Amino acid sequence: MRMVITFQNKMVPVYFTTENKQPTQKVLRLLNSTLELKIQKGKSAIQKCLNSLISIEIKGSEAILHSYSENDSLALSLY
């Protein structure tokens, strides 16, 4: 399943796998709050990834953040 969120004034596609047992809206709220917290208080590697974010993939309880540079992509735990 594919949805789109607004993050830092740009539209970012979010892809879900069918294995997610949590409601989609709950996962999106957790994702938004986690991203906002990381952009404010995260380390420079996380902020670099978030500044060049192109898509997000949700697998279970993890969010894989894809950026323009493959070296900057990383995974965050949502729970």
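The structure we're discussing is the one just above.
Residues numbered from 1 in each chain as written. Predicted model: local features only at pLDDT ≥ 70, side-chain atom pairs only at ≥ 80, totals over all residues. Heavy atoms only, no water.

1. A word on the sheet that holds strand E5 (residues 74–77)
Here we have five strands laid out as an open sheet, ordered E1-E2-E3-E4-E5, and mixed in their pairing. Looking at the sheet topology across the chains shown, the edges are occupied by strand E1 (2–7) and E5. Neighbouring strand axes in the sheet, compared pairwise and without regard to direction, differ in orientation by 25 degrees on average. Bridge count for strand E4 (residues 62–67) against E5 is four bridges, and the pairing is antiparallel. When the bridges of E5 are listed, Ala-63 appears paired with Leu-76. Docked against the sheet, helix H1 (residues 24–41) engages E1, strand E2 (10–16), strand E3 (53–59), E4 and E5, running at close to 30 degrees with respect to E1. (Pairing = 2+ DSSP bridges. Helix = DSSP H or I, 4+ residues; strand = E, 2+ residues; numbered from the N terminus. Axes fitted to C-alpha atoms, helices over the stretch in contact; angles between N-to-C directions. Contact = heavy atoms within 4.5 Å.)

2. What about the nonpolar core?
The nonpolar side chains of a soluble globular protein tend to be buried with one another. Counting residues in each nonpolar core, the largest one holds 20 residues, and the members touching the most others are Leu-31, Leu-35, Ile-56, Ile-58 and Leu-65. When residues of this core are traced back to their parent elements, those giving at least two are E1, E2, H1, helix H2 (44–51), E3 and E4. A per-element tally of this core places H1 first, with five residues. For Leu-35, the residues in contact, after removing those within four places along its chain, are Ile-5, Phe-7, Leu-50, Ile-56, Leu-65 and Leu-76. (Core = buried A, V, L, I, M, F, W, Y, C linked by side-chain atoms within 4.5 Å. Buried < 20%, exposed > 50% of the residue type's maximum accessible area, 1.4 Å probe, protein only.)

3. Side note on the pattern of salt bridges
Going through the model one piece at a time under the given rule, you end up with two salt bridges. Close ionic contact of Asp-72 with Lys-48 constitutes a salt bridge, the shortest N to O distance being 3.9 Å. One end of the pair, Asp-72, is in the loop between E4 and E5; the other, Lys-48, is in helix H2, with 24 residues separating them in the sequence. A salt bridge links Glu-57 to Lys-59, with the shortest nitrogen-to-oxygen separation between them at 3.5 Å. Residue Glu-57 is classed as partly exposed on the basis of its relative accessible area, which comes to 23%. According to the relative accessible area criterion, Lys-59 is partly exposed, its value standing at 43%. (Salt bridge = Lys/Arg side-chain N within 4 Å of Asp/Glu carboxyl O.)

Keep in mind these values describe shape, not function.
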